[in-house]
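Chain by chain, the residues run as shown.
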Amino acid sequence: MPGRTVLSILFKTRSLNLFPSSIQFTLDKCSSLYNFCRTLDDIVDDNNNLEKKKEIFSKFKMDFENKSLNNQIIKDMWSVIDSENISKKIVIDLFDGVETDLEEKVVINSKKDLLVYSYRVAGTVGLMMSKILKVKNKEALKGAIDLGIAMQLTNIARDVCEDKERNRQYVRHDFSAIQEIINESQIFYEKSFNSISKISFRSRFSVIVARRVYRKIGDYILKQKNIDNYNKAGKIYVPLFEKVIQTFLSIIDFVKLLFIKNLNYDNQVNHNILEQEINLNERI
């Protein structure tokens, strides 16, 4: 679940003990969200048979809805939900997205279904993390959803072969379809940029770097040029030297964001597609 990418960066810095207590408190909340998402991921990707996965998933969901405080992960998650005024509907959206993968065969055939799935498994995480980071601006929260969707689309484009082995098809196994989904992700990356200006200074740079590095995966996928090279490449990562370059370029992004005063959200076309199934205003 790529929505955890930014969370993981913040989570790792938590162990450095370099932050005042107020910032450490925010990182603790991010780690609680990370642990919750990690648990859901593990349920779906575990080696158990499908029926066992469904059983574990149903119990975890029921424990969450019943606020079972015997489970520390659920207890911590509810603490975050209550303190940050996060709509329970966002978390249920996440559950719905994860449940999509609990089938013998998963096939997504339309742009609408792809965007709804990507919102549920990753846009929700971006939205919740933004609330933890005290983002209040509604236009910025829409951008947080877009960044989560962008990263999910990148993940789908990268993992076509791996997903095929798991009997999951989010995009056709041909290079033109993979190119198309990367191009679609670029729209969401672009639309998410200005919204980062509403994140506090202390957390902003981590988000900028995560956005740049994850976006770069798409470029390395396109470098494969055809499906044969793509199949042989295995899981495509951004090499260390490229991460260094993207981190440097993130400094420029950071400066650019200092000059963003008013947000004019302009990805409404894609959000209208999501609105066919999900009332985003209720979540935001």
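Residues numbered from 1 in each chain as written. Predicted model: local features only at pLDDT ≥ 70, side-chain atom pairs only at ≥ 80, totals over all residues. Heavy atoms only, no water.

Of the regular secondary structure elements, the chain holds 14 helices and 2 strands. Against the globule reference of 19 Å for 284 residues, the chain gives a C-alpha radius of gyration of 18 Å, in line with a compact fold. Dimensions of the chain, computed from C-alpha atoms along their principal axes, come out at roughly 50 × 45 × 40 Å. Taken over 284 residues, the chain has a buried fraction of 53%. Once local pairs closer than 6 in sequence are excluded, the contacts in the chain between residues at least 24 apart make up 76%. (Helix = DSSP H or I, 4+ residues; strand = E, 2+ residues; numbered from the N terminus. Rg over C-alpha atoms; globule rule 2.2 N^0.38 Å. Buried < 20%, exposed > 50% of the residue type's maximum accessible area, 1.4 Å probe, protein only. Contact = heavy atoms within 4.5 Å.)

An ideal rise of 1.5 Å per residue puts 26 Å on 18 residues; helix H12 (residues 240-257) measures up with 25 Å between its terminal C-alpha atoms. When H12 is considered as a whole, its buried residues turn out to be Glu242, Gln246, Ser250, Asp253 and Leu257. Taken around the axis of H12, the buried residues stretch over an arc of 90°, which confines them to a single face. Residues of H12 that are exposed and point over 90 degrees away from its buried face: Phe241, Val244 and Phe248. (Expected span 1.5 Å × (residues − 1). Arc of directions from axis to C-beta.)

Mapping valine 135 onto the fold places it in the loop between helix H6 (111-132) and helix H7 (138-158). Sequence separation of valine 135 and serine 195 is 60 residues, and the distance between their C-alpha atoms is 9.3 Å. The contact partners of valine 135, leaving out residues within four places of it in the chain, are Ser130, Ala140, Leu141, Lys198 and Ile199.

All right, on to the side chain of lysine 131 then. Turning to its location among the elements, lysine 131 is positioned in helix H6. With no salt bridge to any partner, buried lysine 131 finds its closest opposite charge in glutamate 84, at an N-O distance of 8.8 Å. With residues near it in sequence (within four places) discarded, lysine 131 still touches Glu84, Asn85, Ile86, Ile90, Leu141, Arg283 and Ile284. (Lys, Arg positive; Asp, Glu negative; His and termini not counted. Salt bridge = Lys/Arg side-chain N within 4 Å of Asp/Glu carboxyl O.)

There is a patch of nonpolar side chains on the surface, built from Phe201, Phe205, Phe248, Ile251, Ile252, Val255, Leu258 and Phe259 and spanning about 790 Å² of accessible area. For the nonpolar patch, the secondary-structure elements that each account for two or more residues are helix H10 (201-222) and H12. The biggest single contributor to the nonpolar patch is H12, with 4 residues. Here phenylalanine 259 shows up in the loop between H12 and helix H13 (268-275). (Patch = residues over 30% accessible without salt bridge, like charges linked within 9 Å, V, L, I, M, F, W, Y side chains within 5 Å. Areas by Shrake-Rupley, 256 points an atom, 1.4 Å probe, with all protein chains shown as cover.)

Now for the nonpolar core. Ranked by internal contacts, the top residues of the largest apolar core, which has 81 residues, are Phe36, Phe64 and Phe95. Considering each element in turn, this core owes the most residues, 12 residues, to H6. Dropping the residues within four chain positions of it, phenylalanine 95 is found in contact with Phe36, Leu40, Phe57, Phe60, Lys61 and Phe64. (Core = buried A, V, L, I, M, F, W, Y, C linked by side-chain atoms within 4.5 Å.)

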